[in-house]
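# Summary of the model geometry
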Amino acid sequence: MSIVTVQLGQCGNQIGHEVFNAVCSDVRGTHGLCSKKENESYHEACKERFFCEEESEVPVARAVLVDMEPKVISQTLSMAARSGHWKYDERLHFCQKQGSGNNWASGYSVHGPRHKEAIMNLVQKEAEKCDRLGGFFTIMSMAGGTGSGLGAFVTQCLRDAFPNSFILNHVIWPYSTGEVIVQNYNSVLTLSHLYKSSDALLVHENDAIHKICAQLMGIKQISFRDVNQVIAHQLGSVFQPAYASEGGSQYSRNPLGDLMETLVPHPEFKILGLRNIPQMPENSLAYSTFSWPGLIKHLRQMLIANAKMEEGIDWQVRPPRPGPCSSPSHSANKPLHFNTSVANLVILRGKDVHSADLGGFRDPSLYTSWLNPQDAFNAWKTPRAFNKYEKSAALVSNSQFLLKPLDNVVGKAWNMFASKAYIHQYTKFGIEEEDFLDSFTVLEQVISSYTNL
């Protein structure tokens, strides 16, 4: 089944480009380390997912590009075309001359309704090209105006126009030091609106990715492109084909549907985080060897200690011991810093993958008590290596990983709101104080639900 990607705003378009690049270079690579037959079925499944083959020999990305300023889109289109390996459909982009000025209300209340018809026509066209539409993958930032405000509006339109399709929003969490003074307002408004119309939110935190670039990739002067390439690598490690069942002979048909089914058992819990190991500069790969037990042990500890990368993990954090007092909510006897999960999905790619033992992830003490541990954990595997890594593991987790950043953003936004700072910039575009209060209520409920796991 095919995924239609909707790239929104500067951040969404730049990351989208890197995602298609990563997927394309993985498919073209001769480093699959698996049989020819395996490689061919992997190719087929990937192409159907992300590209449509047109008369031109070059695969065309299944994507719609939206921004309120033309510069980034024209750069993105020409960079893809210049690669010679894939390209965008030049007709499926929408841009204007004037941006949203980092104002969520401008994107949501002005640009959204004004350009709804034009944008949705492009999406409809792309969806009609799919033999089987698996759903929509939107990529957007939370801090600015177009990605966040227009992104939230477009997501609602997608939900109305395609009520039975899956929608996964990929959201970039802003740097905590922040580049935009009203980023906390924009973030609160974006998250609360997406929570109503999206099936799941897959969140990447800029601070965490920046650390990976500095400490694991050894990059001295980190650019947005470096950050985006790490994000794209992590997304590729999830969305490239894998077998959803042990010894399966068919690659999973509907990646978005399978992801939701395994990770979102309840609409109150729909925030997903992504971790991927190993990550290192390409020139170090030749000198590195990894074993499945080592990778899996690290990945499990990253999950329970809520570490974003394999360096600096707190190995002291342990799951709670089931005691006589384990009430329905076991937060009372929970060790500090322990990250409780609703559901987890581990995706393993590479050599000897079927020998890997994932029993540690089936431990009931990792999960909330209201879900059967058998249902809470799933694994996908493929012997086909990903992007030059002989063995790699990705973890998509629905857990408490975002509680602290979420609480932080809501707290900061509330402090500004209490003193009415910058509210006039939103009310002039029709977003009233009531709308802010509704958004705070939605997110307070989300925080409360995840806290009580």
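Keep in mind that this is a model prediction, so the values were computed, not measured. (Residues numbered from 1 in each chain as written. Predicted model: local features only at pLDDT ≥ 70, side-chain atom pairs only at ≥ 80, totals over all residues. Heavy atoms only, no water.)

### Quick look at helix α14 (residues 433–451)
- With 19 residues, α14 should cover 27 Å at 1.5 Å per step; its first-to-last C-alpha distance of 27 Å lies within 8% of that length.
- Buried within α14 are the following residues: F436, S439, F440, L443, V446, I447, S449 and Y450.
- Packed against the buried residues of α14 are α6 (183–197), β9 (271–277), β10 (341–350), β12 (391–399), α12 (403–418) and α13 (423–427). (Helix = DSSP H or I, 4+ residues; strand = E, 2+ residues; numbered from the N terminus. Expected span 1.5 Å × (residues − 1). Buried < 20%, exposed > 50% of the residue type's maximum accessible area, 1.4 Å probe, protein only. Contact = heavy atoms within 4.5 Å.)

### Some details on helix α7 (residues 206–216)
- Along α7, the positions that sit buried rather than exposed are N206, A208, I209, I212, C213 and L216.
- For α7, the secondary structure elements touched by its buried residues are β7 (166–173), β8 (200–205) and α8 (224–239).
- Downstream of α7 by a residue or two, G218 has a phi angle that is positive, lying close to 65°.

### Points about the packing of aromatic side chains
- Evaluated as defined, the whole model comprises 22 aromatic pairs.
- Ring geometry for Y108 and F153: centres 5.9 Å apart, planes at 85°, overall edge-to-face. Taken as a pair, Y108 in helix α4 (residues 104–128) and F153 in helix α5 (residues 146–161) lie far apart in primary sequence, 45 residues in all.
- Taking the relative accessible area as the measure of exposure, F153 reaches 13% and is therefore buried.
- Consider the rings of F137 and F239, whose centres lie 5.1 Å apart with planes at 55°: the pair is tilted. Of this pair, F137 sits in strand β6 (residues 133–141) while F239 sits in helix α8, placing them 102 residues apart in sequence. Both residues of the pair, F137 and F239, belong to the buried class. (Phe/Tyr/Trp six-rings, centres within 6.5 Å; stacked < 30°, edge-to-face > 60°.)

### A closer look at the packing of helix α1 (residues 9–28) against helix α2 (residues 36–50)
- Axis separation between α1 and α2 bottoms out at 10 Å; the angle between their running directions is 160°. With respect to α2, the axis of α1 lies roughly antiparallel. The element α1 and its partner α2 pack so that their crossing is left-handed. Residue-level inspection shows F20, V23, D26 and V27 of α1 in contact with α2, the latter providing Y42, H43, C46 and F50. (Axes fitted to C-alpha atoms, helices over the stretch in contact; angles between N-to-C directions. Parallel < 35°, antiparallel > 145°, perpendicular 65-115°, else oblique. Left-handed = near helix turned anticlockwise from the far one by under 90°.)

### Brief notes about the packing of α1 against helix α3 (residues 70–83)
- Following both chains from N to C, one finds α1 and α3 inclined at 5°, their axes separated by 10 Å at the closest point. On the basis of their axis angle, the class for α1 and α3 is roughly parallel. The residues of α3 that touch α1, namely those facing Q10, N13, Q14 and H17, are V72, I73, T76, M79 and A80.
- Looking at the contact of α1 with α3 residue by residue, the classes come out as 4 nonpolar, 5 polar and no charged. (Nonpolar A, V, L, I, M, F, W, Y, C, P; charged D, E, K, R; others polar.)

### Considerations on the domain arrangement of the protein
- Examined at the domain level, the protein breaks down into domain 1 (2–277), domain 2 (291–320 + 338–399) and domain 3 (404–452).
- With centres defined by C-alpha atoms, the gap from domain 1 to domain 2 works out at 24 Å.
- At the junction of the two partners, domain 1 supplies 49 residues and domain 2 supplies 42 residues.
- When the two sides are added together, the surface that domain 1 and domain 2 hide from each other amounts to roughly 3900 Å², 60% of it contributed by carbon and sulfur.
- Where domain 1 meets domain 2, there are 2 salt bridges.
- Two residues, K308 and E205, come together in a salt bridge whose shortest N-O distance is 3.5 Å.
- Mapped by element, the contributors of at least two residues to the side of domain 1 that touches domain 2 are α1, α2, β8, α7, α8, α9 (255–263) and β9.
- Looking at the side of domain 1 that touches domain 2 element by element, the count peaks at 7 residues for β9. (Domains from an automatic or database assignment. Buried area = accessible area lost by both parts, 1.4 Å probe. Salt bridge = Lys/Arg side-chain N within 4 Å of Asp/Glu carboxyl O.)

### Some points on unusual backbone geometry
- Between I277 and the following residue, P278, the backbone shows a cis peptide bond with an omega angle of -10°.
- For P278, the location among the structural elements is in the loop between β9 and α10 (292–304).
- Not every positive phi belongs to a glycine, and K388 is a case in point at roughly 75°.
- With respect to the helices and strands, K388 occurs in the loop between β11 (377–382) and β12.
- Accessibility expressed as a relative area gives 42% for K388, which makes it partly exposed.
- The phi angle at Y422 is positive, at roughly 65°, despite the residue not being glycine.

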